Amino acid sequence: MRILVTVKHTPDLQSQRSFTDGRVTRTAEDGTMNELDEYAVEAALQLVEAAGEGEVYALTVGGPDAVAAVRKALQLGVHHALHVSDEAVGGSDVFGTAKVIAAAVNKIHGEAPLDLVITGMAALDGLTSMLPTALAAELDWSQLTLASALSVADGEATIERHLADAHETVSAPLPAVVSVTDELNKPRFPNFKLIMAARKAPVTVWTLEDLGVNAADAGAGASRTTVVDASERPPRADRVKVTDTGDAGTQLADFLIEKGLA
Amino acid sequence: MTTVAVLIDHRDGAVTRPSLEALTLARSLGTPVAVWLGESPSADAAAQLGEYGATEVRVVDVADARLAASAAAALGAASDDADVIVVISTFVTKEIVTRLAMTTGAGVVVDAAGAEIVDGKVEALQTVFAATWNVRTRIDADKAIIGVRPNTTQATPADSAGAGTIIDVSVDLPETRERVVSVAPVEQSDGTPLAEAPVVVSGGRGTGGDYTLVSELADLLGGAVGASRDATDEGWISHEHMVGQTGTTVTPALYVACGISGAVHHRGGMQASGTIVAINMDPDAPIFEIADFGVVGSLFDVIPQTIERIKERRGA
Ligand SMILES: Cc1cc2nc3c(=O)[nH]c(=O)nc-3n(C[C@H](O)[C@H](O)[C@H](O)COP(=O)(O)OP(=O)(O)OC[C@H]3O[C@@H](n4cnc5c(N)ncnc54)[C@H](O)[C@@H]3O)c2cc1C
Ligand SMILES: Nc1ncnc2c1ncn2[C@@H]1O[C@H](COP(=O)(O)O)[C@@H](O)[C@H]1O
């Protein structure tokens, strides 16, 4: 079983997230591996462990600081770390990112076939959940998204997904792109030995040229959208906080009625 | 004039309210045409779409468009001539529009709170980072796709109605590798689904698993019941009720958080709500940082009194 997991470097949820020049501010201190990608790493490790053989690759696309995302994946136990780092990638939209990730996947797949690419259900900065679909289309592989259960047997992957109106079971032949939700598993914590080993483990760094991707096909130039304005919202004004001494419920009702909400 | 195709969401043959909101938004961008996937709509449904401005109702009678690639092909066939496509942003439609954009070169903004045409280009508005930032994005590509969140546009009928003429569109669905093995419909609780509800009353760990009061308040306010992840993980209430970054994002006019601490994951899914009320025993709970009206107290004391008072004042 050979699996590649995509991991994104995103600002820590607890940090002061912001925009600079129309792009998400990404710093080394406040950045981390997208929390939802931990479920993708866990899914890959479990499949390989169950198969008793195989390898897991972690891949990130982003500036120099993004290496933190694959280092985190190494701490969790993946075998190989890949980092596409190229100034020309900056400002990519989902379609540009998908092109770059697909080129990296094809490079690994060309060395020896991969069975799966596993992604998180969303990157917690943009929360678009579009990349897995774009990647499957770009690779022309099977697409199985939002898996809350996943099994692989006889050259097929099968997932369950919980949508607002229905629970579905979907199957497709390998190789497949699978995105997984935080319902799928409980991600492990890194152990001391792996943390030490991850510090020294090699990270393969690729440029767009290494991947044969034309710089004009990725990055801000190829993006189909441009952020023209980003501004911090003012905090909510006129907030009221009461401590219940017996009539707070009544006060709340009066507030709702006065606001025309009840 | 710009043609704006709107993918209509319908349940049991009826047009959902977010679809009317999307048509209202579409009118401000150009001339709306409705796209209806599935069996032909009733005359009433088509008339309603006309009332909200649809000049045409383009019907693609696909028996099964559960897979993103199939639905994208169907939507694409019905929106060939459209410069702008509007859908209601959900996990499912995000996949459909991603597929469509891969074949058409369209630029996409999802989870939008609105859109307008500026200098001939569509600009979409979003609130991001748990609603702490406003972002305006221009779609540079020739074709623009916008996923709008429910409750972000006030649905109003058009001043002059559209004809709502039904037009059948045929499409050859692509071969897909994926196979839907089974579909089990989710039992829908009465009333409006969470994402569309004008009022959401949510209960968290603080309910201790008893949703009686939360449900009663939700009913009284004409709203839906939400929950935190801890509550759904406990099995107190089903996953469909979960509000938050990995659950349902809601933007109701009123959000009432009962016994919910306000973890960033939860806030990410509700912080853009109109008015936020929090009831929590812990005066330091983070939810109070974003509550317009916060009550430090037990939900078991506060909610019954609120319900009683509302009933009393309504009766008066
Ligand atoms: C990857 C990831 C994704 C996540 N996604 C989501 C998500 O989408 N949505 C989500 O909600 N969470 C999500 N979570 C979980 C989130 O981090 C919090 O753990 C969760 O929201 C906490 O739920 P809670 O507020 O009900 O419980 P708690 O944090 O335990 O808070 C319970 C609150 O109830 C109060 N309380 C107790 N008794 C009473 C009473 N009688 N009256 C009034 N108040 C009372 C307490 O003071 C406390 O503040 C996610 C976590 C992870 C790691
Ligand atoms: N730049 C990136 N590098 C690596 N993986 C990514 C990148 N962007 C998105 N992904 C993956 O795609 C998933 C969904 O992201 P998104 O569609 O942006 O919400 C994430 O959970 C990651 O697994």
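Digging into the site of ligand 2
All names here are of chain A.
Then, in step 1: Lining the immediate environment of ligand 2, one finds 19 residues, of which Thr6, Asp37, Ala123, Ser129 and Leu131 sit closest.
Then, in step 2: The side chain of Asp37 places a nitrogen or oxygen atom 2.5 Å from an oxygen atom of ligand 2.
Then, in step 3: Here Gly120 contributes a backbone N or O atom positioned 3.1 Å from an oxygen atom of ligand 2.
Then, in step 4: Surface burial for ligand 2 is 95%, taken as the share of its 490 Å² of free accessible area covered by protein chains.
Then, in step 5: The set of elements that each furnish at least two residues to the shell around ligand 2 consists of strand S6 (55–61), helix H3 (94–111), strand S8 (116–120) and helix H4 (131–139).
Then, in step 6: If one sorts the elements of the shell around ligand 2 by residue count, S6 sits on top with three residues.
Then, in step 7: Across the shell around ligand 2, the residue classes tally to nine nonpolar, eight polar and two charged.

Notes on the pairing of strand S18 (residues 293–296) of chain B
Residue and element names in this part refer to chain B.
Then, in step 1: The alternating pattern of S18 places Phe293 and Val295 and Gly294 and Val296 on opposite faces, both of which are buried.
Then, in step 2: Here strand S17 (residues 275–280) runs beside S18; their pairing, made up of four bridges, is parallel. Of the residues in S18, the one forming a bridge with Asn280 is Val296.

So, the domain arrangement of chain B
Residue and element names in this part refer to chain B.
Then, in step 1: By the assigned domains, chain B splits into domain 1 (3–168) and domain 2 (194–315).
Then, in step 2: Relative placement of domain 1 and domain 2: their C-alpha centres are 30 Å apart.
Then, in step 3: Contact between domain 1 and domain 2 buries roughly 920 Å² in total, counting both sides, with carbon and sulfur atoms accounting for 49%.
Then, in step 4: Per-residue buried area on domain 1 facing domain 2 is highest for Ala130, Arg149 and Asn151; these three make up 46% of the total on that side.
Then, in step 5: The tally of links between domain 1 and domain 2 comes to one salt bridge.
Then, in step 6: Salt-bridge contacts for Arg11 lead to Glu196; the nearest nitrogen and oxygen are separated by 3.2 Å.
Then, in step 7: Here domain 1 is connected to domain 2 by five residue pairs in polar contact (both at pLDDT 80 or more).

Comments concerning the side chain of Thr133 of chain A
Then, in step 1: Within the secondary structure, Thr133 of chain A sits in helix H4.
Then, in step 2: Here Thr133 of chain A is in contact with Gln143 and Thr145 of chain A together with Glu95, Thr98 and Arg99 of chain B, once residues within four sequence places are set aside.

Structural notes on the site of ligand 1
Then, in step 1: In the vicinity of ligand 1 lie 30 residues, with Arg205, Ser228, Ser261, His266 and Asn280 of chain B positioned nearest.
Then, in step 2: Bordering ligand 1 are residues originating from chains A and B.
Then, in step 3: The contact in question runs from a nitrogen atom of ligand 1 to an N or O atom on the backbone of Met281 of chain B, over 3.2 Å.
Then, in step 4: Within the contact set of ligand 1, a nitrogen atom lies 2.9 Å away from a backbone nitrogen or oxygen of Leu299 of chain B.
Then, in step 5: In the complex, 81% of the free accessible area of ligand 1, which totals 980 Å², lies under the protein chains.
Then, in step 6: Of all elements in the fold, only helix H6 (229–233), helix H7 (264–267), S17 and helix H8 (299–315) of chain B reach the threshold of two or more residues within the shell around ligand 1.

Things to note about the sheet that holds strand S12 (residues 165–169) of chain B
All names here are of chain B.
Then, in step 1: Strand order in this open sheet of seven strands is S7-S11-S6-S1-S4-S5-S12, and the pairing throughout is parallel. Of all strands in the sheet, those bounded by a partner on one side alone are strand S7 (107–112) and S12. Each strand of the sheet is rotated relative to its neighbour by a mean of 25°, with strand direction disregarded.
Then, in step 2: With three bridges joining them, strand S1 (residues 3–7) and strand S6 (residues 84–88) adopt parallel strand pairing. The partner of Val6 across the bridge, within S6, is Val86.

Basis of the calculations
- Residues numbered from 1 in each chain as written.
- Chains lettered and ligands numbered in written order.
- Predicted model: local features only at pLDDT ≥ 70, side-chain atom pairs only at ≥ 80, totals over all residues.
- Heavy atoms only, no water.
- Near = heavy atom within 4 Å.
- Polar contact = N/O pair within 3.5 Å; in protein donor to acceptor, adjacent residues only side chain to side chain.
- Areas by Shrake-Rupley, 256 points an atom, 1.4 Å probe, with all protein chains shown as cover.
- Helix = DSSP H or I, 4+ residues; strand = E, 2+ residues; numbered from the N terminus.
- Nonpolar A, V, L, I, M, F, W, Y, C, P; charged D, E, K, R; others polar.
- Buried < 20%, exposed > 50% of the residue type's maximum accessible area, 1.4 Å probe, protein only.
- Pairing = 2+ DSSP bridges.
- Domains from an automatic or database assignment.
- Buried area = accessible area lost by both parts, 1.4 Å probe.
- Salt bridge = Lys/Arg side-chain N within 4 Å of Asp/Glu carboxyl O.
- Contact = heavy atoms within 4.5 Å.
- Axes fitted to C-alpha atoms, helices over the stretch in contact; angles between N-to-C directions.

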